[in-house]
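Structural overview for review
Spelled out from the first residue to the last, the chains are:
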Amino acid sequence: MSRSLHPSRRGVWEKPRRLRDEPVRVSGRAFRTKFAPAHRGRIRSVVAIASLASFFLGGPTMADDGPPRPIRIATLNASLYGKAAGEVADRLDGGDDSQAESIASVVRAVRPDLLLINELDYDIDGKTARRLAENHFAKSRGGRHGIEYPHILAIPSNTGVDSGIDLNANGELGEPTDAWGYGVYPGQYAMAVFSRFPIDRDAVRSFRTFLWKDLPGALRPIVPDTGEPYYPDEVWNRLRLSSKNHVDVPVRVGSRTIHLLVSHPTPPVFDGPEDRNGCRNHDEIRFWIDYLQGPSADHLVDDDGNAGGLPPDASFVILGDLNADPSDGDGRVAAIRSLLAHRRVNDPKPSSRGAADVARGGSSRRSGPPELATADFGRAGTLRVDYVLPSRDLEVGRGEVFWPRRDTAEHALLQATDHRMVWIEVAGW
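Read on for an overview of the structure. These figures come from a predicted structure and were not determined experimentally.

1. Digging into the nonpolar core
- Among the nonpolar cores identified, the biggest contains 61 residues, and Ile73, Phe137, Phe194, Val249 and Val262 are the most heavily contacted of them.
- In this structure Val249 touches Leu153, Val193, Ile199, Val204, Ile258, His259, Leu260 and Val262, once residues within four positions along its chain are discounted.
- Listed in part, the 36 residues of the second largest apolar core include Phe207, Leu239, Phe287 and Leu300.

In structure tokens:
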């Protein structure tokens, strides 16, 4: 556990000169044809075959009202971070970084339309995310077409941002553990959304500065030997909840909006008997439960000063490495279990044969269903920590964890990170 597209198929066609009034409809768009009537049947057959080929090769078909369907939504913890700010951006500049290329190979294999990448450096101009998209995702390699994501949102993070407080009470300031979220440099372990559809940037809500104490019933860490709070009042009253960020990213798919609710809670380890990271992980997950209460959750105030949660009729997908398994691991399971059982949440339980094989091989110590695991932490075993959780109003189709079996050529794509990509398809758009 680290602290540490379909091809775009946007339908960019050159419209032929109008020689006749009758249009040929291609994927929901009308184009004029210059072909004689005797050949139109043949042309329509070719168009139909091409449309079917596009569908079976992973490209979404187009409905008459515009939006593609089904859409594929995915998350992956890419573990793309360095030792200093700017290092990852420099690595991605040439398009030949081996780790990034392994990640890109997974993206090209799964071909998501909406993708959250966890653990990707944030910089204010978004160059790291943009270079990953342009120099790796968009390149055709390994027999697979490149994927273009015209809409990219790099998300600011608390990681590496110095708090000015001695958060671990060791008498030293300015250490990675003294940042609002653990990090060696600002923007380490951040997130980015890659989308084939427009992001409503004006409606994005960020909760990076939301205070932990303002979450009702917050689990304030306690030192067991003394019964006293681990964080004194002067620290607790300033401490942020998000180790990275909690962000509501509205995406316009045709005439509808789907809210991507993205986060990456801290791992519930790397602490002491006070369980400060376990408490924080629990409450970072519980944040989404409160957010789903709707406008009545007026204790949730975003970075622009707007209060309240997600409207009750909004469609959403909760995405990210939540660092919590409902059955196994070192975390407090109450929050993740409550989220999975929430009345507005559908847990499609994506699975893989690869994870089940690891469990049968004896390197996993799971008590939960082994096929649902999304990460392999070696001696610590496999865990289900990465999630794609749609709202119940969405029509969910296929869903998988990209975890090829050891006897397949694609298994080599897993070398870049200890996490696996999780994806689902949403139909009916």
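Back to the write-up after that little detour.
2. Here's the deal with empty space enclosed by the protein
- For the second largest cavity, the calculated volume is near 60 Å³.
- Along its surface, the second largest cavity is lined by Leu76, Ile103, Val106, Phe402, Leu413, Leu414, Ala416, Thr417, His419, Arg420 and Met421.
- Classifying every residue of the lining of the second largest cavity gives eight nonpolar, two polar and one charged.

3. Some words on unusual backbone geometry
- The backbone phi angle of Ser79 is positive, close to 55°, even though this residue is not glycine.
- Note on placement: Ser79 falls in strand E5 (residues 71-80).

4. Here we look at the pairing of strand E12 (residues 315-321)
- With seven of seven residues buried, E12 is to be regarded as a mostly interior element.
- The pairing of strand E11 (residues 256-263) with E12 spans five bridges and is parallel. Bridge pairing in E12 links Ile258 to Ser315.
- For the handedness criterion, the β-α-β arrangement of E11, helix H6 (residues 276-291) and E12 is classed as right-handed.
- Sheet analysis places E12 next to strand E15 (residues 386-390), joined by five bridges and oriented antiparallel. Its bridge partner being in E15, Ile318 is matched across the sheet by Leu389.

5. Regarding the environment of Val396
- Tracing the backbone shows Val396 in strand E16 (residues 395-401).
- Ignoring sequence-local partners within four residues, the contact set of Val396 consists of Asn346, Pro348, Pro390, Ile424 and Glu425.

6. Here we look at the sheet that holds strand E7 (residues 151-155)
- Strand order in the open sheet made by the six strands is E7-E8-E6-E5-E17-E16, with mixed pairing throughout. At either margin of the open sheet sits one strand with a lone partner, and together these are E7 and E16. Adjacent strand axes in the sheet meet at a mean angle of 15°, parallel and antiparallel pairs treated alike.
- Where E16 lies against strand E17 (residues 422-427), five bridges are found, and the strand directions are antiparallel. Note that in E17 the partner of Glu395 across the bridge is Ala427.
- Those strands touched by helix H3 (residues 98-110) are E5, strand E6 (114-120) and E17, and its axis lies near 165° from that of E5.

Criteria and thresholds
- Residues numbered from 1 in each chain as written.
- Predicted model: local features only at pLDDT ≥ 70, side-chain atom pairs only at ≥ 80, totals over all residues.
- Heavy atoms only, no water.
- Core = buried A, V, L, I, M, F, W, Y, C linked by side-chain atoms within 4.5 Å.
- Buried < 20%, exposed > 50% of the residue type's maximum accessible area, 1.4 Å probe, protein only.
- Contact = heavy atoms within 4.5 Å.
- 1 Å grid on protein atoms, 1.4 Å probe; cavity = no way out; pocket = protein on both sides within 12 Å on 5 of 7 lines; lining within 4 Å.
- Points joined across faces, edges and corners; volume = space filled by probe spheres on them.
- Nonpolar A, V, L, I, M, F, W, Y, C, P; charged D, E, K, R; others polar.
- Helix = DSSP H or I, 4+ residues; strand = E, 2+ residues; numbered from the N terminus.
- Pairing = 2+ DSSP bridges.
- Right-handed = clockwise from strand over helix to strand, strands pointing away.
- Axes fitted to C-alpha atoms, helices over the stretch in contact; angles between N-to-C directions.

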